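Spelled out, the chains give:
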Amino acid sequence: MKQIYFDNAASTKVDERVLEAMKPYFTEKYANASSIHEMGVEAKRALEDSRVKIAKAINAGRDEIYFTSGGTEANNFALKGLFFSNFPKKNHIITTKIEHDCIINTCKWLEKQGAKVTYLDVDKEGFVSPRDIERAITDKTFLVTIIHGNNEIGTVQDIEAIGKICKEKKVLFHTDACQSFTKTILDVRKQNLDLATLNAHKIHGPKGVGALYIRKGIEITPLFHGGGHEKGMRSGTENVSGIVGFAKASELADRKHIEKMKEQRDRIINELLKFPGIKLNGAREKRLCNNVNISFEKIEGEVIGAYLENDGIMTSAGSACMSHSSSGISHVLKAIGLSDEKAGNSIRISISRFTTDEEIDYFLEKIKKILGKFQKS
Ligand SMILES: Cc1ncc(COP(=O)(O)O)c(C=O)c1O
């Protein structure tokens, strides 16, 4: 049976060209980038070239990129590192109710250490109001952290407007851009970003590698102490092959892919909305190019997901991380006003630049049949 992968928000296929770029760093150029011999220098050069490429992709300086083991670590580094540098003088963080679990759970942990966290509401489409952010800022606030493109509902926040407010109020602004990197504009200068989280496995790179952009001059306490790698900010032998793959993946991203995915996404949305009782979750326009999230009237998302899987189509009833949560109900769907039942009746379909029109035809044919079956019964 055909296998169709529509769960690209959870992770993506590694591009063959990324794999090719990585290979030599496992078997030929495998030295430690801190070693001073020729092979070490070669590894270090690859590491630094990759840093330049990632920096260029977001209009940052090369000395503003710190490699990590992925998005979770970068988010933990940003929040805890800034808390340790600011507490007790300042202890207030502003965020939203629709952040990824690695932000929400870090905030919850920081509350136990003395932080005060404001979790702002979002509207029905998942937008946080820049005015609400402005109003929430106090003289104790050191950080505003807002997800750029939401991993469940795809809503893309106006980070430029938020960045402007943070700059005026002299509060640091961090965004989790794991889902939006390469899928919409991310320009740390234009958008007034002080920190930004990126990772590789959402952009056809390897798992277990990411980066935190930290604007030059920001005081942040490192979380990992050791041999002083990454200018002492993140010790641990660098994952050179992974970092090379990450940089290659970012280089391969192209605006043309965004346009193609947008067309495919809209075709899926428009076809699905023809069915009675189907509702789109998240924004219609300012939405990640690869994300569709819908709710059904009376059918559980997991049931539809299981039927689709029978036809070889992989989707997600929520985000991959939610499968670890005890309630199983998406905090993001609840935050945009869905009842527990409606939140449970939802699925996420996330495409990639490798998605073909034929795969979409097949998906639409199968889901129409499945929904038809439920309508009759
Ligand atoms: C928005 C967002 N932030 C953070 C993460 C975590 O990244 P990683 O899997 O690299 O730790 C993910 C991935 O699931 C994500 O979608």
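Computed from a predicted structure; not experimentally measured.

Cut-offs applied
- Residues numbered from 1 in each chain as written.
- Predicted model: local features only at pLDDT ≥ 70, side-chain atom pairs only at ≥ 80, totals over all residues.
- Heavy atoms only, no water.
- Near = heavy atom within 4 Å.
- Polar contact = N/O pair within 3.5 Å; in protein donor to acceptor, adjacent residues only side chain to side chain.
- Areas by Shrake-Rupley, 256 points an atom, 1.4 Å probe, with all protein chains shown as cover.
- Helix = DSSP H or I, 4+ residues; strand = E, 2+ residues; numbered from the N terminus.
- Nonpolar A, V, L, I, M, F, W, Y, C, P; charged D, E, K, R; others polar.
- Pairing = 2+ DSSP bridges.
- Axes fitted to C-alpha atoms, helices over the stretch in contact; angles between N-to-C directions.
- Contact = heavy atoms within 4.5 Å.
- Buried < 20%, exposed > 50% of the residue type's maximum accessible area, 1.4 Å probe, protein only.
- Phe/Tyr/Trp six-rings, centres within 6.5 Å; stacked < 30°, edge-to-face > 60°.
- Lys NZ or Arg CZ within 6 Å of the ring centre and 35° of its normal.
- Salt bridge = Lys/Arg side-chain N within 4 Å of Asp/Glu carboxyl O.
- Parallel < 35°, antiparallel > 145°, perpendicular 65-115°, else oblique.
- Left-handed = near helix turned anticlockwise from the far one by under 90°.
- Core = buried A, V, L, I, M, F, W, Y, C linked by side-chain atoms within 4.5 Å.
- Right-handed = clockwise from strand over helix to strand, strands pointing away.

Now for the site of the ligand. Among the 14 residues in the neighbourhood of the ligand, the closest are listed as G71, T72, D176, Q179 and K202. Between the ligand and the protein, one listed contact pairs an oxygen atom with a side-chain N or O atom of T72 at 2.6 Å. Protein contacts shield 87% of the accessible area of the ligand, which totals 390 Å² for the unbound molecule. Looking at which element gives the most residues to the shell around the ligand, the answer is helix 4 (residues 71–86), with three residues. Here the residues of the shell around the ligand are counted per class, giving three nonpolar, nine polar and two charged.

Read across the sheet, three strands follow the order 9-10-12 without closing on themselves; strand pairing throughout is antiparallel. Strands with a single pairing partner mark the edges of an open sheet, and in this sheet they are strand 9 (279–280) and strand 12 (346–350). With two bridges joining them, strand 9 and strand 10 (residues 291–295) adopt antiparallel strand pairing. Paired with K279 across the two strands is S295, which belongs to strand 10.

Before going further, it helps to spend a moment on the sheet that holds strand 6 (residues 172–176). Neighbouring strands of a sheet are bound in pairs by backbone hydrogen bonds; such pairs are parallel or else antiparallel. Taken together, the seven strands give an open sheet; going across it, the order is 2-8-7-6-5-3-4, and neighbouring strands pair in mixed fashion. A single partner strand is all that each edge strand has here, and the edge strands are strand 2 (65–68) and strand 4 (116–120). For this sheet, the mean inter-axis angle between neighbouring strands, taken without regard to orientation, is 20 degrees. Bridging between strand 2 and strand 8 (residues 210–214) involves four bridges; their strand directions are antiparallel. Opposite Y66, over in strand 8, you have L212 as the bridge partner. Where helix 3 (residues 38–57) meets the sheet, it contacts strand 2 and strand 7 (195–199), and its direction lies at approximately 115 degrees from that of strand 2.

Right, let's get into the pairing of strand 7. Note on strand geometry: in a regular strand, side chains alternate between the two faces of the sheet. In terms of burial, strand 7 is a largely internal element, five of the five residues being buried. A two-sided burial pattern is seen for strand 7, the buried positions comprising L195, T197 and N199 on one face and A196 and L198 on the other. Sheet analysis places strand 6 next to strand 7, joined by three bridges and oriented parallel. Paired with T175 across the strands is A196, a residue of strand 7. As paired elements, strand 7 and strand 8 share five bridges and run antiparallel to each other. When the bridges of strand 8 are listed, L195 appears paired with I214.

The next point concerns the packing of aromatic side chains. Taken as a whole and assessed by the stated rule, the structure comprises seven aromatic pairs. Between Y307 and F374 the ring centres are 5.6 Å apart and the planes differ by 85 degrees, which places this aromatic pair in the edge-to-face class. Of this pair, Y307 sits in helix 10 (residues 301–310) while F374 is found in helix 13 (residues 357–376), placing the two residues 67 residues apart along the sequence. Relative accessible area serves as the criterion here: at 32%, Y307 is assigned to the partly exposed category. Sitting over the ring of Y362, K2 keeps its end group 4.4 Å from the ring centre. Taking NZ or CZ as reference, K13 lies 4.7 Å from the ring centre of F354, over its face.

By the definition in use, this model includes 27 salt bridges. Its salt-bridge partner being E48, residue R51 comes within 2.8 Å of it at the nearest N-O pair. Pair noted here: R51 and E48 are both in helix 3, with a separation of three residues, about one helical turn. Each member of the pair, R51 as well as E48, is classed as buried. Ionic pairing is found between K274 and E271, a salt bridge with its closest N-O pair at 3.0 Å.

Turning our attention to the packing of helix 4 against helix 5 (residues 101–112). At a closest axis distance of 9 Å, the pairing of helix 4 and helix 5 adopts a crossing angle of 30 degrees. Judged by the angle between their axes, helix 4 and helix 5 are roughly parallel. For the pair helix 4 and helix 5, the crossing hand works out as right-handed. Contacts between helix 4 and helix 5 pair G71, T72, N75, N76, L79, K80, F83 and F84 from the former with C102, I103, T106, C107, W109 and L110 from the latter. The class makeup of the residues in the contact of helix 4 with helix 5 is eight nonpolar, five polar and one charged.

Let us now look at the nonpolar core. By size, the foremost hydrophobic cluster in this structure holds 55 residues, and its most contacted members are I58, I65, V144 and F246. A total of seven residues in this core trace back to one element, the largest contributor, which is helix 8 (residues 240–252). With near-sequence residues (within four places) excluded, V144 lies in contact with I94, I133, I162, C166, V171, L172, F173 and H174. Formed by 28 residues, the second largest nonpolar core is a distinct cluster that contains I269, I278, I299 and I367.

Before going further, it helps to examine the pairing of strand 4. One ladder, built from five bridges, connects strand 3 (residues 92–96) with strand 4; its direction is parallel. From the neighbouring strand, I93 faces strand 4, where its bridge partner is V117. Note that the unit made of strand 3, helix 5 and strand 4 has a crossover that is right-handed.

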